[in-house]
Amino acid sequence: MRIRVVNPNTTRAMTDTIERCARAVVGAGTVLDAVTSATGPASIESHYDEAMSVPGLLAAIREGEADGVDGYVIACFGDPGLDAAREVATGPVIGIAEAAMRTATHLGRGFSVVTTLQRTRGRAMDLAEHYGLQRFCYGVHACELPVLALDTDPDARKVVTEACRAAVLADGSDAVVLGCAGMADLCAHIRAEIGVPVIDGVAAATSTVQSLLTLGLRKSGRGEFATPPAKPYTGLLESFGSE
């Protein structure tokens, strides 16, 4: 089976981190690659960033379809473009926020999310509600580190770890969900430090895609997630249309 992990931002260094964490959970016989979006923002930290990331993400999914990819991971905690990607792909497409939150519900009564900036907390709360997981989400906390600082700030690991520790104490939660793909490589360290399950959505989503494919399951081609109807597009999006 072939799995493609798509980083919807344009920062290659983050893709490298994402790829290492995804490769750590794939089994023998699974071919995995991670791609960086060709267009879009350097990081995704706002609704505007998220919207601007979707065309590049969908282009990467379409390229994967042409290359025979079986399933996809969207490696951004906002799960940008997830529904549209599911229309385009024939195999499963899993966002890291949904995968991480659902995984956390198997491990305890409730979880906390630790994200990057305060302004992204609302998006995480909206996603928990959208996925029907609001009652399991005890709180969403920001460590106030910009996404790109996760790779460049020498204190990033300490800052995120302490934010996770504080979230567990404040919420009384049983697990922590890391609310950014750029935190993926911090997962094992934080788990060892704070003593509760810590879920990296990249690993959770990759494992979910692999499990679905192992079960022989693909996307339903009916209804809402059928292939979008063909129509022309104009301007910068002309290449996304079809007659």
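Residues numbered from 1 in each chain as written. Predicted model: local features only at pLDDT ≥ 70, side-chain atom pairs only at ≥ 80, totals over all residues. Heavy atoms only, no water.

(A) Up close: helix α7 (residues 156-171). Between the first and last C-alpha of α7 there are 22 Å, a value that for 16 residues agrees with the 22 Å anticipated at 1.5 Å per step. The inward-facing, buried residues of α7 contact β5 (111-115), β6 (137-142), α6 (149-152), β7 (175-178) and α8 (187-194). Just downstream of α7 lies Gly172, where phi reads positive at about 65°. (Helix = DSSP H or I, 4+ residues; strand = E, 2+ residues; numbered from the N terminus. Expected span 1.5 Å × (residues − 1). Contact = heavy atoms within 4.5 Å.)

(B) Spatial organisation of the environment of Thr36. Topologically, Thr36 is positioned in strand β2 (residues 31-36). Take Thr36: its relative accessible area is 22%, and that puts it in the partly exposed class. When the C-alpha positions of Thr36 and Cys187 are compared, they lie 22 Å apart, and in sequence the two are 151 residues distant. Those residues within four positions of Thr36 in sequence are excluded, and the remaining contacts are Asn7, Asn9, Thr10, Thr11, Arg12 and Thr15. A distance of 2.6 Å separates a polar atom in the side chain of Thr36 from a polar atom in the side chain of Thr15. (Buried < 20%, exposed > 50% of the residue type's maximum accessible area, 1.4 Å probe, protein only. Polar contact = N/O pair within 3.5 Å; in protein donor to acceptor, adjacent residues only side chain to side chain.)

(C) Spotlight on the nonpolar core. In this structure, Phe111, Val113, Val160, Val176 and Leu178 are the most contacted members of the largest nonpolar core, which totals 75 residues. Inspection of this core shows a minimum of three residues originating in each of domain 1 (2-95 + 203-240) and domain 2 (98-201). Ignoring sequence-local partners within four residues, the contact set of Leu178 consists of Phe77, Val114, Val160, Cys164, Met183, Cys187, Ile190, Val198 and Ile199. (Core = buried A, V, L, I, M, F, W, Y, C linked by side-chain atoms within 4.5 Å. Domains from an automatic or database assignment.)

(D) Quick peek at the packing of α7 against α8. The geometry of α7 relative to α8 is characterised by a closest axis approach of 10 Å and an angle of 45° between their N-to-C directions. Considering their axes alone, α7 and α8 lie oblique with respect to each other. Here α7 runs over α8; the crossing is right-handed. Along the contact surface, α7 presents Arg157, Val160, Thr161, Cys164, Arg165 and Val168, while α8 presents His189, Ile190, Glu193 and Ile194. (Axes fitted to C-alpha atoms, helices over the stretch in contact; angles between N-to-C directions. Parallel < 35°, antiparallel > 145°, perpendicular 65-115°, else oblique. Left-handed = near helix turned anticlockwise from the far one by under 90°.)

(E) Summary view of the domain arrangement of the protein. Per the domain assignment, the segments of the protein are domain 1 (2-95 + 203-240) and domain 2 (98-201). The centre of domain 1, based on its C-alpha atoms, is set 22 Å off from the matching centre of domain 2. Facing 25 residues of domain 1, the contacting portion of domain 2 comprises 28 residues. Buried area between domain 1 and domain 2, both sides added, is near 1,900 Å², and the carbon and sulfur share of it is 60%. (Buried area = accessible area lost by both parts, 1.4 Å probe.)

(F) View of the side chain of Thr11. Note that Thr11 resides in the loop between β1 (2-7) and α1 (12-23). The exposure class assigned to Thr11 is buried, which follows from its relative accessible area of 18%. In this structure, Thr11 is in contact with Thr36, Ala42 and Leu148, ignoring residues within four places of it in sequence.

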